[in-house]
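Geometric and topological summary
Next come the chains, spelled out residue by residue.
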Amino acid sequence: MSYEITNLCVNCHACMDICPSEAISVGLSQFIINPKACNHCEGDYAHAQCGSICPVEGAILDEFGEAVNPAGSLTGIPPERVAQLVAEGIL
């Protein structure tokens, strides 16, 4: 199973440009990953390059369906703290 790009994708082109196996292409509403071409960057890099460059938390899922950049991983703000700030009307 390959990585998957979710509807959170903002079409920034970063993942497509960095993919060493050229498995990422433009889709109808977001980029898509060709499962036959995606090799998770094994043998090329320690970490999947699409996930390392993606600026959106939760936009790319790994082969287990887990977010490569889970909530809070890029901002450093735990999701429960964000929820609290939203509830308080701060965000």
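The preceding data block contains the structure.
Rules used in this analysis
- Residues numbered from 1 in each chain as written.
- Predicted model: local features only at pLDDT ≥ 70, side-chain atom pairs only at ≥ 80, totals over all residues.
- Heavy atoms only, no water.
- Helix = DSSP H or I, 4+ residues; strand = E, 2+ residues; numbered from the N terminus.
- Buried < 20%, exposed > 50% of the residue type's maximum accessible area, 1.4 Å probe, protein only.
- Contact = heavy atoms within 4.5 Å.
- Areas by Shrake-Rupley, 256 points an atom, 1.4 Å probe, with all protein chains shown as cover.
- Polar contact = N/O pair within 3.5 Å; in protein donor to acceptor, adjacent residues only side chain to side chain.
- Core = buried A, V, L, I, M, F, W, Y, C linked by side-chain atoms within 4.5 Å.

1. Here we look at the overall build of the protein chain
Summing up its helical and strand segments, the protein chain has three helices and four strands in all. Starting at the N terminus, the α and β elements of the protein chain follow one another as β-α-β-β-α-β-α. Taken over the C-alpha atoms alone, the protein chain extends approximately 45 × 30 × 20 Å along its principal axes. With 91 residues in all, the protein chain has 32% of them scored as buried. In the protein chain, of all internal contacts separated by at least 6 residues, the share reaching a separation of at least 24 is 43%. As displayed, the protein chain offers around 5,800 Å² of accessible surface, 56% of which is attributable to carbon and sulfur atoms.

2. Brief notes about the side chain of N69
Counting through the fold element by element, N69 comes out in the loop between β4 (60-61) and α3 (79-87). Reaching out from N69, the side chain makes a polar contact with the backbone oxygen of G51 at a distance of 3.0 Å. Setting aside residues up to four positions removed in sequence, N69 forms contacts with G51, C54, V56, E57, G58, I60 and L74.

3. Digging into the nonpolar core
Counting 16 residues, the largest nonpolar core has Y3, I5, I24, I33 and C50 as the members making the most contacts within it. C50 has contacts with Y3, C15, I18, I24 and I60, leaving out every residue within four places of it along the chain.

4. Details of unusual backbone geometry
Backbone geometry places N11, a non-glycine residue, at a positive phi of 55°. Within the secondary structure, N11 is located in the loop between β1 (4-5) and α1 (14-18). A positive phi angle is found at H13, which is not glycine, with a value near 75°. The topology assignment puts H13 in the loop between β1 and α1.

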